[in-house]
Amino acid sequence: MRYPAAAIWALVLAAQEPGVVKFTATTRLVVLDVTVKDRSGKPVEGLRREDFLVLEDGKPQSIAVFEFQRLGIAEEPAPAAAPHAPKEARGEAEAGAAGAVRYKDRRLIALYFDLSSMPPEDAVRAQRGALKFVERNMTPVDLVAVMSYGARLRVEQDFTQDVELLRKAIRGLRVGEASELAAGLEAGDPDLAADSGAAFQADDAEFQLFNTDRKLAALENAVRMLGALPEKKALVYFSSGLGKTGIENLSQLRATVNAAVRANVSFFPVDARGLMAMAPGGDASRGAPKGSALFSGKAQFGLMDSFRAQQQTLYTLAADTGGKATLESNDLSEGILQAQKAVESYYILGYYSSNPAEDGRFRRTQVRLKERQGLRLEHRAGYFAAKRFDRMSGTDKERQLEDALLLGDPVRDLELALEVNCFRLSSRRYFAAVAVKIPGSSIPLARRGEAETTALDFIGQVRDLRGSLAAAVRDAITVRLDAEGSARRKRGHIQYDTGFTLVPGEYRLRFLVRENQSGRMGTFETAFRVPETWPEREWLSLSSVVWSAQREPLAAAAGRADGNQKRLAAHPLVRDGAKLIPSVTRVFRRDQTLIAYAEVYGPSTSSDHPKPSIAAAVGLYRAGRLVEESEPVLVEDDKGQRTGTVPVEIRVPLHSVPPGRYVAQFNVFDRIARSFAQRRANIVILP
């Protein structure tokens, strides 16, 4: 069970500093890889910057980047190069300055193994083909990288000429990882599904739609990483076919192709199944289809149609990006040789577009030679410009959110802070309460009648140390404020609360917020630990401590994502129809009362004391000296909503505390077991 977002709370904590004027300038470098050949098909060398004329939609552009890459095919083996350590795919740009060429006179080939689309036997076949190329066909100008996609996208080996490193990376692939996601020829067609004897056969069409989108999205993420390099790149895509579910996958397919075109990446798909001969109705690896499909010929025609559709997607990826697909060939290294031969000597031309419009339209590019005639030029036909948020379609807006999450780069257009507090629900289930705070002055509002409104998108993903998705939340909330609420919002904050049910362990949370007036986004990423708080004799088991300054009635929420009162009542911070609002920034005023809340788990009892007896207090320290201490609180009853839980709440008036920075210490003592616990936090008190 996951507790969805409960509410957005408008908080007024402190007057904001005067607005800071922020100037931004954006330039978009367009890079074209241009191959110039003579009548015999040989690359032409020796051309200069002045020989080229670059046009965008018919308008001349000033060439800012010019470089010639001299490549060739040699017979001698490749020399060793410095090793590059494998790493997780996070999308960092490694090319340095815009347009800077990192690999001079080198052919860049990326070997991409889609382990989620290949059964183990196909993955082994792809491994052998890659090893054959690396050991026999690499030349001194070749730099090869190894990437894989199973549960997640990984860079197994960065670009290198070291055959030993490449051999190690290829042999180290996790064959069989996510192979259960490999779609058979019968995927999505219930008439071709094997007869299991069950009365009900589940329709997996929706699953296959999502599965294909994930594979294409990972491929898009890979080419965006390669886009940091201005050189021409060839990506050899090993898979066992990639089927589409009707037209639903076309949006992601187009996004992947567009990303490859912008990144100067050509796809060279390789069907790892090789040459196939399909027996009527399928071979012995699958059960016979149910019904009369096997006897009418429908099963055989369906299998052939599915096989062609899976290969058609591979062919589309190649044709739309200037590559070539290798289909029905048992020598899989031939696909890499195709990529090697296709990347010949070329010129790198870069320019900053004179058209600043962010309309998302296709910009047609043309490259001509000013004087020399009879030469053939090859380059991409154009690119899609960036699109302003107010001109995006619903699909574009969803794509924007997916890109922000997949690429992993921090987004700082919208500032936000985040806090995670953990509470025990049962022996192995814990609730991680997440509070996200956004400066109210950064949220634009649109007037709707007497009120002002805004819409916010919230996406949170929790992953474990292996990168597997442990929990997720997605909320779209509309905030409506009257004139008084709007004024408070401008000098205060907007806070969003949600939570996840997790088991003890180490996790990483990535949270994204987008406001839907201007499309500004912000991300926050943090590691956190869900501790094991089962009672021990040596110490007292204590939850996270929530530092706050107010409780808000649930009815006072400015916006709400979920009105399920039963779930809200089970929230650890909700009591008597009001919710304790965590102070994410932990900044308080002297006219406020500091509230510290925590839960004690498994308090001790005895025959003389059948009820627990918990004493607690909060102290404020400055420069190692105790400045203020609360009145001790004694809790001698189990008032928690869950068995074995004692809630402890302490209030500290701040009117007599001098402004400044403090260390707040929460002290709890079990008077029966004679055990204690404490938590500390840095806080700031304003005048």
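For the structure itself, consult the block above.
Fair warning: this is a prediction, and the values are worked out from it, not measured in the lab.

Conventions we followed
- Residues numbered from 1 in each chain as written.
- Predicted model: local features only at pLDDT ≥ 70, side-chain atom pairs only at ≥ 80, totals over all residues.
- Heavy atoms only, no water.
- Helix = DSSP H or I, 4+ residues; strand = E, 2+ residues; numbered from the N terminus.
- Contact = heavy atoms within 4.5 Å.
- Areas by Shrake-Rupley, 256 points an atom, 1.4 Å probe, with all protein chains shown as cover.
- Axes fitted to C-alpha atoms, helices over the stretch in contact; angles between N-to-C directions.
- Parallel < 35°, antiparallel > 145°, perpendicular 65-115°, else oblique.
- Nonpolar A, V, L, I, M, F, W, Y, C, P; charged D, E, K, R; others polar.
- Core = buried A, V, L, I, M, F, W, Y, C linked by side-chain atoms within 4.5 Å.
- Buried < 20%, exposed > 50% of the residue type's maximum accessible area, 1.4 Å probe, protein only.
- Phe/Tyr/Trp six-rings, centres within 6.5 Å; stacked < 30°, edge-to-face > 60°.
- Lys NZ or Arg CZ within 6 Å of the ring centre and 35° of its normal.

J.: Describe the overall build of the protein, naming the residues involved and giving the relevant values.
T.: The secondary structure content of the protein amounts to 10 helices and 35 strands. Contacts in the protein between residues far apart in sequence, at least 24 positions, make up 77% of those at least 6 positions apart. Carbon and sulfur atoms form 50% of the exposed surface of the protein, whose accessible area is close to 32200 Å².

J.: Could you give me a rundown of the environment of Val44, with the residues and numbers involved?
T.: Residue position: Val44 is located in the loop between β2 (29-37) and β3 (52-56). The sequence separation of Val44 and Arg376 amounts to 332 residues, and the corresponding C-alpha distance is 9.6 Å.

J.: Provide a residue-level description of the packing of helix α1 (residues 120-136) against helix α7 (residues 333-342), including the pertinent values.
T.: Packing of α1 against α7 brings their axes to within 8 Å, and their N-to-C directions diverge by 45 degrees. With respect to α7, the element α1 is oriented oblique. Where α1 abuts α7, its residues Gly129, Ala130, Lys132 and Phe133 lie against Ser333, Ile336, Leu337 and Gln340. Classifying every residue of the contact of α1 with α7 gives 4 nonpolar, 3 polar and 1 charged.

J.: Run through the nonpolar core, naming residues and quoting values.
T.: Counting residues in hydrophobic clusters, the biggest one holds 33 residues, and the most contacted among them are Leu111, Phe113, Met118, Phe133, Val236, Phe238 and Ile336. Sorting the residues of this core by element identifies β7 (107-114), α1, β8 (142-149), α2 (163-171), β10 (233-239), β11 (265-271), α7 and β12 (346-352) as the ones contributing at least two each. In terms of residue count, the dominant contributor to this core is α1 (6 residues). The contacts of Val236, once residues within four sequence positions are left out, are Ile109, Ala110, Leu111, Tyr112, Phe268, Val270, Ile336 and Ala339. Among the nonpolar cores identified, the runner-up in size contains 31 residues, and Met147, Leu253, Val257 and Ala260 belong to it.

J.: Help me get a handle on the packing of aromatic side chains, residues and values and all.
T.: Tallied over the entire structure, the rule returns 12 aromatic pairs. Here the aromatic cluster, defined as three or more aromatic residues joined through ring pairs, consists of Phe52, Phe66, Phe68 and Tyr347. A cation over a ring is seen here: Lys232 above Tyr346, with NZ or CZ 5.1 Å from the ring centre. Of note, Arg622 hangs over the ring of Tyr662, and the distance from its end group to the ring centre comes to 5.3 Å.

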